[in-house]
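Observations on the model geometry
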Amino acid sequence: MKLGLFGGSFDPVHLGHLLVAQAACEEFGLDRLCFIPAAQSPFKPGSNPAPTKARLQMLRLALAGQPHYEVDPQEITRGGVSYTIDTVRDYRRRFPSARLFWLIGADHVAKLPQWRDAENLASSVEFLVIPRPGEPSVPFPAPFQGQMLKGFPLGVSSSQIRARVKARLPVELLTGPAVAEAIRANNLYL
Ligand code: ATP
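Here is a short report on the structure shown in this document. The shown structure was predicted, so the numbers you read here are calculated from the model rather than taken from an experiment.

What follows concerns the sheet that holds strand β4 (residues 99-105). What the six strands build is an open sheet, ordered β3-β2-β1-β4-β5-β6; its pairing is parallel. Looking at strand neighbours, the two that pair on one side only are β3 (69-71) and β6 (146-148), the edges of this open sheet. Averaged over all adjacent pairs, the angle separating strand axes in this sheet is 25°, with direction ignored. Alignment of strand β1 (residues 2-8) against strand β2 (residues 32-37), held across six bridges, turns out to be parallel. Of the residues in β2, the one forming a bridge with F6 is F35. Lying on the sheet, helix α2 (residues 52-63) is in contact with β2 and β3; it crosses β3 at an angle near 165°.

Right, let's talk about the layout of surface pockets for a bit. If you add up the space inside the largest pocket, you get close to 860 Å³. Residue lining of the largest pocket: 44 residues in total, with G7, G8, S9, K44 and H108 positioned closest to the centre. For the lining of the largest pocket, the secondary structure elements donating two or more residues are β1, α1 (15-28), α4 (84-94), β4 and α6 (158-166). In terms of residue count, α1 provides more of the lining of the largest pocket than any other element does, five residues in total. Of the residues in the lining of the largest pocket, the class split is 20 nonpolar, 16 polar and eight charged. The wall of the second largest pocket is formed by V165, R168, L169, P170, V171, E172, A180, I183, R184, N187, L188 and L190. A total of three residues in the lining of the second largest pocket trace back to one element, the largest contributor, which is helix α8 (residues 177-185). Residue composition of the lining of the second largest pocket, grouped by class: eight nonpolar, one polar and three charged.

Each value, and the rule that gives it
- Residues numbered from 1 in each chain as written.
- Predicted model: local features only at pLDDT ≥ 70, side-chain atom pairs only at ≥ 80, totals over all residues.
- Heavy atoms only, no water.
- Pairing = 2+ DSSP bridges.
- Helix = DSSP H or I, 4+ residues; strand = E, 2+ residues; numbered from the N terminus.
- Axes fitted to C-alpha atoms, helices over the stretch in contact; angles between N-to-C directions.
- Contact = heavy atoms within 4.5 Å.
- 1 Å grid on protein atoms, 1.4 Å probe; cavity = no way out; pocket = protein on both sides within 12 Å on 5 of 7 lines; lining within 4 Å.
- Points joined across faces, edges and corners; volume = space filled by probe spheres on them.
- Nonpolar A, V, L, I, M, F, W, Y, C, P; charged D, E, K, R; others polar.

Written as structure tokens, this is what we have:
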């Protein structure tokens, strides 16, 4: 089995994330793709993300009706700073014979050696990199290995969406209508 793991803040989930998921499934024939929202990203220490309940709700709305995709709340359940290696160990234990793929945006490749327990992480998963407009494609730093997806590269980010909501600009086309409605209903990002 080929199992894709996609971690992030998803604050909020947007079309860029969904296109990444689609590209990974199509190009690598993933059987299943788990979206794993972080409780607190180690790389965004000062950030104050939207409540976990709202981020989970938005992910579930965005992925509704797509049987290959699921939302795994384990990092939120664990709480604290979310380290990828802890999540990967959990999947390795539950799916000992699966091929595990960890999806990351091109903006994260150069910093992989700074991830916790980097050596172990590098030998536990294969990385799939998603091109991100404006991000140069850099080689994997040793001992990390992985492959590049073709995409659909899309220059949209959660921070851009939060800024648009704050400026009272529409975000429906960037998030899809259900997520945009959840942002409104929960008064997020104002
Ligand atoms: P923020 O703007 O708040 O930093 P973000 O849009 O980068 O957020 P995250 O939830 O932090 O979203 O991203 C989760 C993962 O998805 C990361 O690996 C990130 O690089 C990747 N990603 C996010 N948006 C895109 C995009 N448009 N294209 C490719 N990869 C993306």
